[in-house]
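Take a look at the letters that make up each chain.
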Amino acid sequence: MRALIVGTAGHIDHGKSSLVLALTGTDPDRLAEEKRRGITIDLGFAHLDLGQGRVASFVDVPGHERFVRNMLAGAHGLDAVLLVVAADESVMPQTREHFHICRLLGVRQGLVALTKCDLADAETQALAELEVRELVAGSFLEGAPVLRLSARTGAGLDALRDELRRLAEAAGPRGAEGLPRLPVDRVFTMRGFGTVVTGTLVSGRVSVGDELEALPAGRRCRVRGLQVHGAAVEGVEAGNRAALNLAGADVAELARGDVLAAPGTLRPSSLLDVELRLLPGERPLRNHARLRVHVASAEVLARVRLLGQPELAPGAAGVAQLRLEKPTVAGLGERLVLRSYSPERTIAGARVLL
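What you are looking at is a predicted structure, and each value in this text was computed from that prediction instead of being measured.

*Asks:* Just checking my understanding: could you explain the overall build of the chain for this structure?
*Replies:* If you tally the helices and strands in the chain, you get 6 helices and 23 strands. The principal-axis extent of the C-alpha atoms belonging to the chain is close to 60 × 55 × 40 Å. Put simply, the chain has 354 residues, and 52% of those count as buried. For the chain, contacts bridging at least 24 residues in sequence account for 69% of all contacts bridging at least 6. Entry remark: accessible area of the chain is about 15,400 Å², with carbon and sulfur atoms responsible for 48%. Each charge sign in the chain was given a centre, from 44 positive and 42 negative side chains, and these centres are 5 Å apart.

Right under this line is the structure:
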């Protein structure tokens, strides 16, 4: 089955989780605090069978600015983004930040969901659509369908399913070439099974019985079982989300941000040479500034060393070295998101050169 990994993006309370629930029948808000407060705090997951051997795997992310780091943990490895904007509020601060993050991560396709249309008249909906189109002008979402929806009434959901099916048909398979690499985004225990981790396999193939290494610690473990969308499988290829039941590793020895790989194939590093681009409108980035570096599902503090210049101007690009405060795993060409240390906000993107 071919999976289309779809990440939601958008401001808090614009209806991302409600839309995923209406589409899939699965509530992605799994934590008791999320249900009590009515907001998404951590990553949520659900899937929708699109027919003809295709499925949309949703990564539902928090919209609140305090939980952008959690959003970033699930934003890697996406095939498409579903940019969610409430018709009665239009474009808001986290709409812009989430959109910038998707651009920095190199997401190449997606849709715009104009939600809560049952709460806005036609004129308000039209104004919100105009503001969304202004936001995405010149980007991968320029010209993408803007679908007017209501998760409460179900209006527009069939059209959204059709568009998701179109994206899934257009997306080519990632294939199983390359070394297996799975950034971990959840770690938990299941009674009778033991340690379980989840994540999106970004390259290679993993099978039951394989020995893996959890980096950066180097802990060896064995894949005792595999599930994709709740069904047991013998193997999984790149481009799919999976749950791995691991033998030989305790929950306390693993964490979000770890990377599972074939033993001896990847090496953690505390130095990353990157091509860095500062977002327009930001303050100049000074040499030796402390940053929050988001590498796949990991967040690592670092100092930036700009090569050949004392600072980087807004909108400009340059070569730099990131000196991480703890080692992590990053692949050649991998895209990173950089956020300021304090106050926390997205300020730049980078691509790993070495």
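*Asks:* I would appreciate a short explanation of the nonpolar core in the present structure.
*Replies:* Side chains of a nonpolar character, in soluble globular proteins, are inclined to be buried together. Counting 27 residues, the largest nonpolar core has Leu 83, Leu 114 and Leu 141 as its most contacted members. Elements that contribute at least two residues to this core include exactly strand E1 (2–9), strand E3 (54–60), strand E4 (80–86), helix H4 (93–104), strand E5 (110–115) and helix H5 (122–136). Top element by residues in this core is H5. It accounts for 4 residues. Once residues lying within four places of it in the same chain are set aside, the contact partners of Leu 141 are Val 81, Leu 83, Phe 99, Gly 110, Leu 111, Val 112 and Val 136. Counting 23 residues, the second-largest nonpolar core is a separate cluster that includes Val 20, Leu 23, Leu 48 and Ala 113.

*Asks:* Before we go on, may I ask you to explain H5 in this structure?
*Replies:* Along an α-helix, residues three or four apart share an orientation, since each turn contains 3.6 residues. With 15 residues, H5 ought to run about 21 Å at 1.5 Å a step, and its terminal C-alpha atoms sit 21 Å apart, in line with that. The inward-facing, buried residues of H5 contact E4, H4, E5 and strand E6 (146–148). Following H5 by one or two positions, Gly 138 adopts a phi angle in the positive range, close to 80 degrees.

*Asks:* For this particular structure, what's the right way to read a nonpolar patch on the surface?
*Replies:* Taken together, the side chains of Leu 307, Val 319, Leu 353 and Leu 354 define a hydrophobic patch exposed on the protein surface, amounting to about 360 Å² of accessible area. Mapped onto the fold, Leu 353 is located in the segment after strand E23 (346–352). Judged by its relative accessible area of 34%, Leu 353 falls in the partly exposed class.

*Asks:* Looking at this structure, I do not really get the side chain of Ser 297. What am I missing?
*Replies:* Relative to the helices and strands, Ser 297 is located in the loop between strand E18 (290–295) and strand E19 (298–306). A residue is classified by how much of its surface remains accessible, and Ser 297, at 5% relative accessible area, is buried. Reaching out from Ser 297, the side chain makes a polar contact with the backbone oxygen of Val 184 at a distance of 2.7 Å.

*Asks:* I tried to follow the packing of helix H1 (residues 16–24) against helix H6 (residues 157–170) on my own but got confused; where do I start?
*Replies:* Two quantities define a packed helix pair, namely the angle between the axes and the distance from one axis to the other. Where H1 meets H6, the closest approach of the two axes is 11 Å, and the angle between their N-to-C directions is 85 degrees. Taken as axis vectors, H1 and H6 run roughly perpendicular relative to one another. Note on element contacts: H6 touches H1 through Leu 157, Leu 160, Arg 161 and Leu 164, opposite Leu 19, Ala 22 and Leu 23. Counted by class, the contact of H1 with H6 contains 6 nonpolar, no polar and 1 charged residues.

*Asks:* How do you make sense of the packing of aromatic side chains when you look at a structure like this?
*Replies:* One pass over the full model with this rule turns up 1 aromatic pair. With a centroid separation of 6.2 Å and 25 degrees between ring planes, the pair formed by Phe 99 and Phe 140 is classed as stacked. Here the residue Phe 99 occupies a position in helix H4, and Phe 140 occupies one in the loop between H5 and E6, the gap between them amounting to 41 residues. Between Arg 290 and the ring centre of Tyr 341, over which it is positioned, the NZ or CZ distance is 4.5 Å.

*Asks:* Honestly, the sheet that holds E6 in this entry has me stumped. Any pointers?
*Replies:* Within a sheet, adjacent strands bond to each other through the backbone by hydrogen bonds, running parallel or antiparallel. Strand order in the open sheet formed by 6 strands is E2-E3-E1-E4-E5-E6, with mixed pairing between adjacent strands. The strands lining the two open edges of the sheet, one partner per strand, are strand E2 (44–51) and E6. On average, adjacent strands in this sheet sit at an angle of 25 degrees to one another, irrespective of strand direction. The sheet contact formed by E1 and E4 spans 4 bridges and is parallel. By the bridge assignment, Ala 9 is partnered in E4 with Leu 83.

*Asks:* What is the right way to look at the pattern of salt bridges in this model?
*Replies:* It is possible for side chains bearing opposite charge to pair when their charged atoms get close. In this structure the tally under the stated criterion is 20 salt bridges. Measuring nitrogen to oxygen at the nearest pair gives 3.1 Å for the salt bridge that ties Glu 129 to Arg 133. One end of the pair, Glu 129, and the other, Arg 133, are both in helix H5, 4 residues apart, so they sit about a helical turn from each other. For Arg 133, a relative accessible area of 37% puts it in the partly exposed group. One salt bridge in this structure joins Glu 325 and Arg 290, with 2.8 Å as the shortest N-O distance. Taken together, the residues Glu 325 in strand E21 (residues 317–328) and Arg 290 in strand E18 connect sequence positions 35 residues apart. Accessibility expressed as a relative area gives 26% for Arg 290, which makes it partly exposed.

Cut-off values and rules
- Residues numbered from 1 in each chain as written.
- Predicted model: local features only at pLDDT ≥ 70, side-chain atom pairs only at ≥ 80, totals over all residues.
- Heavy atoms only, no water.
- Helix = DSSP H or I, 4+ residues; strand = E, 2+ residues; numbered from the N terminus.
- Buried < 20%, exposed > 50% of the residue type's maximum accessible area, 1.4 Å probe, protein only.
- Contact = heavy atoms within 4.5 Å.
- Areas by Shrake-Rupley, 256 points an atom, 1.4 Å probe, with all protein chains shown as cover.
- Lys, Arg positive; Asp, Glu negative; His and termini not counted.
- Charge placed at Lys NZ, Arg CZ, Asp CG, Glu CD.
- Core = buried A, V, L, I, M, F, W, Y, C linked by side-chain atoms within 4.5 Å.
- Expected span 1.5 Å × (residues − 1).
- Patch = residues over 30% accessible without salt bridge, like charges linked within 9 Å, V, L, I, M, F, W, Y side chains within 5 Å.
- Salt bridge = Lys/Arg side-chain N within 4 Å of Asp/Glu carboxyl O.
- Polar contact = N/O pair within 3.5 Å; in protein donor to acceptor, adjacent residues only side chain to side chain.
- Axes fitted to C-alpha atoms, helices over the stretch in contact; angles between N-to-C directions.
- Parallel < 35°, antiparallel > 145°, perpendicular 65-115°, else oblique.
- Nonpolar A, V, L, I, M, F, W, Y, C, P; charged D, E, K, R; others polar.
- Phe/Tyr/Trp six-rings, centres within 6.5 Å; stacked < 30°, edge-to-face > 60°.
- Lys NZ or Arg CZ within 6 Å of the ring centre and 35° of its normal.
- Pairing = 2+ DSSP bridges.

By themselves, these observations are geometric and do not establish any function.
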